[in-house]
Amino acid sequence: MTVYGNFPGSRPRRLRTNPAMRRMVAETRLDPANLILPAFVREGIDAPVAISAMPGVQQHTLDTLRKAAVDAVSAGVSGIMLYGVPTDEKKDGRGTAGTDPDGILQVGLRAVRQEVGDDLVVMSDLCLDEYTDHGHCGVLTADGRVDNDATLERYAEMAQVQADAGAHVVGPSGMMDGQVGVTRDALDQAGHEDVSILAYTAKYSSAFYGPFREAVGSSLKGDRKTYQQDPANARESLRELALDLEEGADMVMVKPAGPYLDVLAKVADSVDVPVAAYQVSGEYAMIEAAAEKGWIDRDAAIMESLTGIRRAGAQMILTYWATEVAQRLGGR
């Protein structure tokens, strides 16, 4: 081969020659501590119920929820985000099961805290959609619109009962204007100054939530486009971010993760608080379905998708693969 001068003068491939070299120079590292496990606890069942659209994910009984929490701790996962699934007869227009101290989410929170104490950051979804008979994230006006300010009053009640039940972190996720400030005031007034708020800062009205609706037994009629963000908008997220920080958010989140990596990167570059991203049910289901068909390498696709979210700036990733991936990474 004829060599012309010192061409090529630069050979980046030298740093890709073997696995040890690639590991040494990797710019982005995924660690079990980056991961948070979303989990569903369902009322009125005596055995876990598989979620058909999310292979490998289930609605838990209290016993299997406790085990999932213990497994997450053993793998080195940092947190668990709990969602309650009440029986249909307990749903109503105001989502009262969500503020009942003996509602399924509060019972689940107490069970997990009793099981793992402070070894896992126990988080709770602060939203009404699982508990309303119309499936919206707030209470409705007489003409069927979501009433922002009336909903905030319900969120304040939810924050207090979830903190009383043992949540280390509450995650107001309904995208109501003022939800973080109201939550902070409610927690402080109830003596829960140490309970943190993970703000769902940029939560888009996304087609990727489909399987989640099965997971929580959603009763949604219509859509959530009047309160969740328009997928066409990015700058709007920075406005939401500024408001959440002003209102007292301790951490902020972008949801979904994969389709909104540009928004995630903008948020991560703009703040000095921890940033999370939620790899949602549709992202999970697509990889699982394609892998089941033999079209992609499942394990490699999972790791690549999570690394991409981490590379875009997320310090914390909510993913249904949290425990599995943490175990693969070697745990603690």
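Up top you'll find the structure we're talking about.
Residues numbered from 1 in each chain as written. Predicted model: local features only at pLDDT ≥ 70, side-chain atom pairs only at ≥ 80, totals over all residues. Heavy atoms only, no water.

Novice: Which parts of the structure should I look at to understand the overall build of the protein chain?
Specialist: The number of helices and strands found in the protein chain is 11 helices and 10 strands. Taking 20 Å as the expected radius of gyration for a compact globule of 332 residues, we find that the protein chain reaches 21 Å, a close match to that expectation. Projecting the C-alpha coordinates of the protein chain onto the three principal axes gives extents of approximately 80 × 45 × 40 Å. A buried classification covers 51% of the 332 residues belonging to the protein chain. (Helix = DSSP H or I, 4+ residues; strand = E, 2+ residues; numbered from the N terminus. Rg over C-alpha atoms; globule rule 2.2 N^0.38 Å. Buried < 20%, exposed > 50% of the residue type's maximum accessible area, 1.4 Å probe, protein only.)

Novice: Sorry, what's going on with the nonpolar core here?
Specialist: A general trend in soluble globular proteins is that nonpolar side chains are found buried together. Counting residues in hydrophobic clusters, the biggest one holds 95 residues, and the most contacted among them are Phe 40, Ile 80, Tyr 155 and Tyr 278. Broken down by element, the residue count for this core peaks at 6 residues, all from strand β1 (residues 35–42). Setting aside anything within four residues of it in sequence, one finds Tyr 155 in contact with Leu 126, Cys 127, Leu 128, Cys 137, Gly 174, Met 176 and Gln 179. (Core = buried A, V, L, I, M, F, W, Y, C linked by side-chain atoms within 4.5 Å. Contact = heavy atoms within 4.5 Å.)

Novice: What's the story with the packing of helix α2 (residues 62–75) against helix α3 (residues 104–116) in this structure? I'm lost.
Specialist: A packed helix pair is summarised by two numbers, namely the angle formed by the two axes and the spacing between the axes. Contact geometry for α2 and α3: axes closest at 9 Å, N-to-C directions at 45°. In terms of axis orientation, α2 runs oblique to α3. The chirality of how α2 crosses α3 is right-handed. The residues of α3 that touch α2, namely those facing Leu 62, Leu 65, Arg 66, Ala 69, Val 70 and Val 73, are Val 107, Gly 108, Ala 111, Val 112, Glu 115 and Val 116. Residues that form the contact of α2 with α3 fall into these classes: 9 nonpolar, 1 polar and 2 charged. (Axes fitted to C-alpha atoms, helices over the stretch in contact; angles between N-to-C directions. Parallel < 35°, antiparallel > 145°, perpendicular 65-115°, else oblique. Left-handed = near helix turned anticlockwise from the far one by under 90°. Nonpolar A, V, L, I, M, F, W, Y, C, P; charged D, E, K, R; others polar.)

Novice: I'm lost on a positive patch on the surface in this one. Help?
Specialist: There is a patch of like positive charges on the surface, built from Arg 11, Arg 13, Arg 14 and Arg 16. Note that Arg 11 resides in the segment before α1 (19–25). The class of Arg 11 is partly exposed, set by a relative accessible area of 43%. (Patch = residues over 30% accessible without salt bridge, like charges linked within 9 Å, V, L, I, M, F, W, Y side chains within 5 Å. Areas by Shrake-Rupley, 256 points an atom, 1.4 Å probe, with all protein chains shown as cover. Salt bridge = Lys/Arg side-chain N within 4 Å of Asp/Glu carboxyl O. Lys, Arg positive; Asp, Glu negative; His and termini not counted. Charge placed at Lys NZ, Arg CZ, Asp CG, Glu CD.)

Novice: Mind showing me how you'd approach unusual backbone geometry here?
Specialist: Outside of glycine, negative phi angles account for most residues, and trans bonds account for most peptide bonds. The residue after Lys 255, namely Pro 256, is reached through a cis peptide bond having omega -5°. Mapping Pro 256 onto the fold places it in the loop between β8 (251–255) and α8 (261–270). In this model, Met 175 sits at a positive phi of 60°, which is unusual for a non-glycine residue. With respect to the element layout, Met 175 can be found in the loop between β6 (169–172) and α5 (179–189).

Novice: Just to check I follow, could you spell out the pairing of β6 for this structure?
Specialist: Consecutive side chains of a regular strand alternate in pointing toward one face of the sheet and then the other. Because side chains alternate across β6, one face comprises the buried residues Val 169 and Gly 171, and the other comprises Val 170 and Pro 172, equally buried. Inspection of the sheet shows strand β5 (residues 121–126) paired to β6 by 4 bridges, in the parallel sense. Note on β6: the bridge partner recorded for Ser 124 is Val 170. Taken together, β5, helix α4 (residues 148–164) and β6 form a β-α-β motif whose crossover is right-handed. Note that β6 and strand β7 (residues 196–203) share 2 bridges and pair parallel. Within β7, the position partnered with Val 170 by the bridge is Ile 197. (Pairing = 2+ DSSP bridges. Right-handed = clockwise from strand over helix to strand, strands pointing away.)

Novice: It is not clear to me how the environment of Asp 272 should be interpreted in this structure. Could you clarify?
Specialist: Positionally, Asp 272 belongs in the loop between α8 and β9 (275–278). For Asp 272, a relative accessible area of 76% translates into the label exposed.

Novice: It is not clear to me how a nonpolar patch on the surface should be interpreted in this structure. Could you clarify?
Specialist: A cluster of nonpolar side chains, contributed by Leu 15, Met 24 and Val 25, occupies part of the molecular surface with about 280 Å² of accessible area. One can find Val 25 in helix α1. Residue class for Val 25 comes out partly exposed when judged on its relative accessible area of 35%.

Novice: Would you mind showing me how to read the packing of aromatic side chains here?
Specialist: Each pair of aromatic rings is reported with the distance of its centres and the angle of its planes. A full pass over the atoms with the stated rule returns 6 aromatic pairs. For the ring pair Phe 40 and Tyr 320, a centre distance of 6.1 Å and an interplane angle of 15° mean the geometry is stacked. Of this pair, Phe 40 sits in strand β1 while Tyr 320 sits in the loop between β10 (316–318) and α11 (322–329), and the two are 280 residues apart along the sequence. For the pair formed by Phe 40 and Tyr 320, the shared burial category is buried. (Phe/Tyr/Trp six-rings, centres within 6.5 Å; stacked < 30°, edge-to-face > 60°.)

Novice: Is there a simple way to explain the environment of Thr 226 in this structure?
Specialist: With respect to the helices, strands and loops of the structure, Thr 226 is situated in the loop between α6 (210–215) and α7 (235–247). A relative accessible area of 73% means that Thr 226 is categorised as exposed. Between the C-alpha atom of Thr 226 and that of Tyr 200, which follows or precedes it by 26 residues, the distance is 16 Å.

Novice: Looking at this structure, I do not really get α2. What am I missing?
Specialist: In an α-helix, one turn spans 3.6 residues; hence positions three or four apart end up facing the same way. In a regular helix each residue adds 1.5 Å, so 14 residues correspond to 20 Å; α2 covers 20 Å between its end C-alpha atoms and thus fits that length. Tucked inside the fold, the buried residues of α2 contact β1, β3 (58–60), β4 (79–85), α3 and α11. Following α2 by one or two positions, Gly 76 adopts a phi angle in the positive range, close to 95°. (Expected span 1.5 Å × (residues − 1).)

Novice: Teacher, can you tell me more about the packing of α7 against α8 here?
Specialist: It is at 10 Å that the axes of α7 and α8 come closest, and there the two elements cross at 40°. Crossing of α7 over α8 shows right-handed handedness. The segment α7 lies against α8, with Ser 237, Leu 238 and Leu 241 engaging Val 263, Lys 266, Val 267 and Ser 270. Residue composition of the contact of α7 with α8, grouped by class: 4 nonpolar, 2 polar and 1 charged.

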